[in-house]
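Topology and contacts: notes
Spelled out from the first residue to the last, the chains are:
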Amino acid sequence: MSQTAGLLSGARQLPSPNVDERPPEEAVTLAVLHAISLPPEEFGGDAVERFFTNCLDCNAHQYFAQLRELRVSSHLFIRRDGEVIQFAPFDARAWHAGVSRWRGRERCNDFSVGIELEGSDQQPFSDAQYQRLASCLAELVARLPIADIAGHADIAPGRKTDPGPHFDWSRLQRELAAHLGQARAAALLAARRACA
Ligand SMILES: [Zn+2]
């Protein structure tokens, strides 16, 4: 994949240093959905993009102190208004999954794309987010051999809860079906449904 091919059309590019190379010949077969807000439950600020680029002032909020040593990133971040920020090209390995397992394979960062939604376990996601997420996923599955879409909670059960109880997987499937057709949308979410 060329470098340009690793970038999403229409995304604001904000490269993170918290990325490295995928294992040689590794195919990207999984999309992992997350939710994040910093501080928790607060939307609209720039703390997430600062966090993913190691520019967060950890003294700016009490909650940020626990983030000081963390080095993380995702490929994409979808804001409440549908804006997309890309921190890593898809051919690079972003650091979003942590200790994780999917279909018997560990280290999901090796073979996944990470998509963060600006959100939390407490609040519904926005219409703009579902629509933009579906269009991003449609573009991704056209370019990469992605077979499954799952949540962080599905690949790290007991440790992670995101994208959380307010994420509407049925709605995502409907939005995806508008791009990919019913059968393809259902197939991408089938393994997750089976393990949930
Ligand atoms: Zn997560």
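Use the structure listed above.
Per chain, residues are indexed from 1 in the order of the written sequence. Local features in this predicted model are restricted to residues of pLDDT 70 or higher, and side-chain atom pairs are both shown and tallied only at a pLDDT of 80 or more, whereas totals for entire chains, interfaces and linings draw on every residue.

**What about the packing of helix 2 (residues 127–143) against helix 4 (residues 169–180)?**
Two numbers describe a pair of packed helices, the interaxial angle and the distance between the axes. In this description, a line fitted to the C-alpha atoms serves as the axis of each element, helices being fitted only across the stretch in contact, and the angle between N-to-C directions of two axes falls anywhere from 0 to 180 degrees. Only DSSP runs of H or I covering at least 4 residues are called helices, and only runs of E covering at least 2 are called strands; the numbering of each starts at the N terminus. Packing of helix 2 against helix 4 brings their axes to within 9 Å, and their N-to-C directions diverge by 50°. Considering the angle they form, helix 2 stands oblique to helix 4. Classified by chirality, the crossing of helix 4 by helix 2 is right-handed. The residues of helix 4 that touch helix 2, namely those facing Tyr130, Gln131, Leu133, Ala134, Ser135, Leu137, Ala138 and Val141, are Arg171, Leu172, Glu175, Leu176, His179 and Leu180. Residues are grouped as follows: nonpolar covers Ala, Val, Leu, Ile, Met, Phe, Trp, Tyr, Cys and Pro; charged covers Asp, Glu, Lys and Arg; every other residue, Gly included, is treated as polar. Of the residues belonging to the contact of helix 2 with helix 4, the class tally is 9 nonpolar, 3 polar and 2 charged. Should an angle fall under 35 degrees it is called roughly parallel, over 145 degrees roughly antiparallel, and 65 to 115 degrees roughly perpendicular, with every other angle called oblique. Throughout, a crossing is termed right-handed when the near helix is turned clockwise from the far one, and left-handed when it is turned anticlockwise from it by less than a right angle. For the purpose of contact definition, each residue receives a C-beta atom placed from its backbone, and two residues are in contact when these atoms lie within 7 Å.

**Points about the packing of helix 4 against helix 5 (residues 182–195)**
For the pair helix 4 and helix 5, interaxial distance at closest approach is 7 Å and the crossing angle is 140°. Comparing the axis directions of helix 4 and helix 5 gives the class oblique. Pair helix 4 / helix 5 crosses with right-handed handedness. Every residue of helix 5 that contacts helix 4 at Trp169, Gln173, Leu176, Ala177 and Leu180 is listed here: Gln182, Arg184, Ala185, Ala186, Leu188 and Leu189. Residues that form the contact of helix 4 with helix 5 fall into these classes: 8 nonpolar, 2 polar and 1 charged.

**Comments concerning the nonpolar core**
Any set of buried Ala, Val, Leu, Ile, Met, Phe, Trp, Tyr and Cys residues joined through C-beta atoms within 7 Å is what this text calls a nonpolar core. Counting other C-beta atoms within 10 Å of a residue's own tells you its class, since 20 or more makes it buried, 12 or fewer makes it exposed, and anything in between is partly exposed; those C-beta atoms are placed from the backbone. By size, the foremost hydrophobic cluster in this structure holds 45 residues, and its most contacted members are Leu30, Ala31, Val32, Ile115 and Leu133. Looking at this core, the elements with two or more residues in it are strand 3 (30–36), helix 1 (47–52), strand 4 (76–78), strand 9 (112–118), helix 2, strand 10 (148–151), helix 4 and helix 5. By residue number, the principal contributor to this core is strand 3, which donates 6 residues. With near-sequence residues (within four places) excluded, Val32 lies in contact with His96, Ala97, Cys108, Ser112, Gly114, Ile115, Ala150, His152 and Ile155.

**Here's the deal with unusual backbone geometry**
A negative phi angle characterises most non-glycine residues, just as the trans form characterises most peptide bonds. A cis amide bond links Leu38 with the next residue in sequence, Pro39, at an omega value of -15°. Along the chain, Pro39 falls in the loop between strand 3 and helix 1. A cis geometry characterises the amide bond from Asp162 onward to Pro163, with omega recorded as 10°. Backbone geometry at Asn54 places phi at a positive 60°, although glycine is not the residue there. By the C-beta count within 10 Å, which is 13 here, Asn54 ends up partly exposed.

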